[in-house]
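Tertiary structure, described
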Amino acid sequence: MLVSGNCRKSKCTIFYFLFKFFNSLNLSRRIKNAKTEDEKTNYEEIHYLMRQRANGTVQFIGELYKVDMLNVGIMLKCINRLLHFATEESIECVCKLLTTVGKKLEKDPNLKNYYAKMDKNDKPFPQCMNILQHFSTKQSKVILTSRIRFEIQNVIDLRRDG
């Protein structure tokens, strides 16, 4: 289904999974507005399962890229879309994705070709890394847990160490 030979179809399928995840972010609001403790616990369990599923989906997308079933343009679009949302969940997914594909993505020979024809709204890979690093600082408007800040730092360390 994801690799149908039609790149446009696989791109849409990937974004479908990503946007389906971000629609689940309404659960965060439901957790805050829960009236009973049972309702809150139920929403927290669902939210946890959806985060796990999103992380698995993102890792799967990364593995498809590693075996050359997805191209560099799709990967950068995924990273840009995830960074655009700037929520704890999306940043966690970016970290998972970059941990999976970062080394190959940075050395991809098609990366420079993609920069020449990319959308004006998309950011090049080094700029995405700078945005991610900014999120890990206390000056960022996005409030992140220490676990996510450590994940960001891990991605930065992996990139620095090669």
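Everything that follows concerns the structure shown earlier in this document.
Presented here is a report on the structure given in the accompanying data block. (Residues numbered from 1 in each chain as written. Predicted model: local features only at pLDDT ≥ 70, side-chain atom pairs only at ≥ 80, totals over all residues. Heavy atoms only, no water.)

For the protein chain, the count of helices and strands is eight helices and zero strands. Secondary structure of the protein chain in N-to-C order comes out as α-α-α-α-α-α-α-α. Among the 162 residues that make up the protein chain, the fraction classed as buried is 41%. Intrachain contacts of the protein chain at a sequence separation of at least 6 include 69% that bridge at least 24 residues. (Helix = DSSP H or I, 4+ residues; strand = E, 2+ residues; numbered from the N terminus. Buried < 20%, exposed > 50% of the residue type's maximum accessible area, 1.4 Å probe, protein only. Contact = heavy atoms within 4.5 Å.)

Looking now at the environment of Arg-159. Mapping Arg-159 onto the fold places it in helix 8 (residues 146-161). Linking Arg-159 and Lys-103, residues 56 residues apart in sequence, is a C-alpha distance of 7.3 Å. Residues within four places of Arg-159 in sequence aside, it is in contact with Glu-106, Phe-125, Pro-126 and Met-129.

What follows covers the pattern of salt bridges. Opposite charge on two side chains permits pairing when their charged atoms draw close. With the rule as written, the count across this model stands at ten salt bridges. Across the pair Glu-63 and Lys-66 runs a salt bridge, and its minimum N-O distance is 3.8 Å. Residue Glu-63 and its partner Lys-66 are located together in helix 3 (residues 37-66), separated by three residues, close to a single helical turn. Owing to a relative accessible area of 38%, Lys-66 belongs among the partly exposed residues under this scheme. (Salt bridge = Lys/Arg side-chain N within 4 Å of Asp/Glu carboxyl O.)

On to the packing of helix 3 against helix 4 (residues 72-85). For the pair helix 3 and helix 4, interaxial distance at closest approach is 10 Å and the crossing angle is 155 degrees. By the angle between their directions, the pair helix 3 and helix 4 is classed as roughly antiparallel. Helix 4 is crossed by helix 3, and the crossing has left-handed handedness. Between helix 3 and helix 4, the contacting residues are Ile-61, Gly-62 and Tyr-65 on the first element and Val-72, Met-75 and Cys-78 on the second. Here the contact of helix 3 with helix 4 is composed, by residue class, of five nonpolar, one polar and no charged. (Axes fitted to C-alpha atoms, helices over the stretch in contact; angles between N-to-C directions. Parallel < 35°, antiparallel > 145°, perpendicular 65-115°, else oblique. Left-handed = near helix turned anticlockwise from the far one by under 90°. Nonpolar A, V, L, I, M, F, W, Y, C, P; charged D, E, K, R; others polar.)

Scanning all chains against the criterion turns up zero aromatic pairs. The ring of Tyr-65 has Lys-104 lying over it, and the distance from NZ or CZ to the ring centre is 4.8 Å. (Phe/Tyr/Trp six-rings, centres within 6.5 Å; stacked < 30°, edge-to-face > 60°. Lys NZ or Arg CZ within 6 Å of the ring centre and 35° of its normal.)

The next thing to look at is unusual backbone geometry. A positive phi angle, near 60 degrees, is found at Asp-68, a position not held by glycine. With respect to the helices, strands and loops of the structure, Asp-68 is situated in the loop between helix 3 and helix 4. Given the relative accessible area of 61%, Asp-68 is considered exposed.

Take the nonpolar core next. Counting residues in each nonpolar core, the largest one holds 35 residues, and the members touching the most others are Ile-79, Ile-91, Leu-132 and Ile-152. Of all elements in the fold, only helix 3, helix 4, helix 5 (88-107), helix 6 (111-117), helix 7 (125-135) and helix 8 reach the threshold of two or more residues within this core. Ignoring sequence-local partners within four residues, the contact set of Leu-132 consists of Leu-83, Ile-91, Val-94, Cys-95, Leu-98, Ile-152 and Val-155. (Core = buried A, V, L, I, M, F, W, Y, C linked by side-chain atoms within 4.5 Å.)

Our focus in this paragraph is the state of the cysteines. Disulfide: a covalent bond connecting the sulfur atoms of a pair of cysteines. Summed over the entire model, instances satisfying the criterion amount to zero disulfides. Unpaired in this structure, Cys-93 has its nearest cysteine sulfur neighbour in Cys-95, at a distance of 9.3 Å. Overall, Cys-95 belongs to the buried group, its relative accessible area being 1%. (Disulfide = S-S within 2.5 Å.)

Turning our attention to the packing of helix 4 against helix 7. Where helix 4 meets helix 7, the closest approach of the two axes is 11 Å, and the angle between their N-to-C directions is 30 degrees. Regarding the angle of helix 4 to helix 7, the classification is roughly parallel. When you trace helix 4 past helix 7, the crossing you get is left-handed. For the pair helix 4 and helix 7, contact is made by Leu-76, Ile-79, Asn-80 and Leu-83 and by Phe-125, Cys-128, Ile-131, Leu-132 and Phe-135, respectively.

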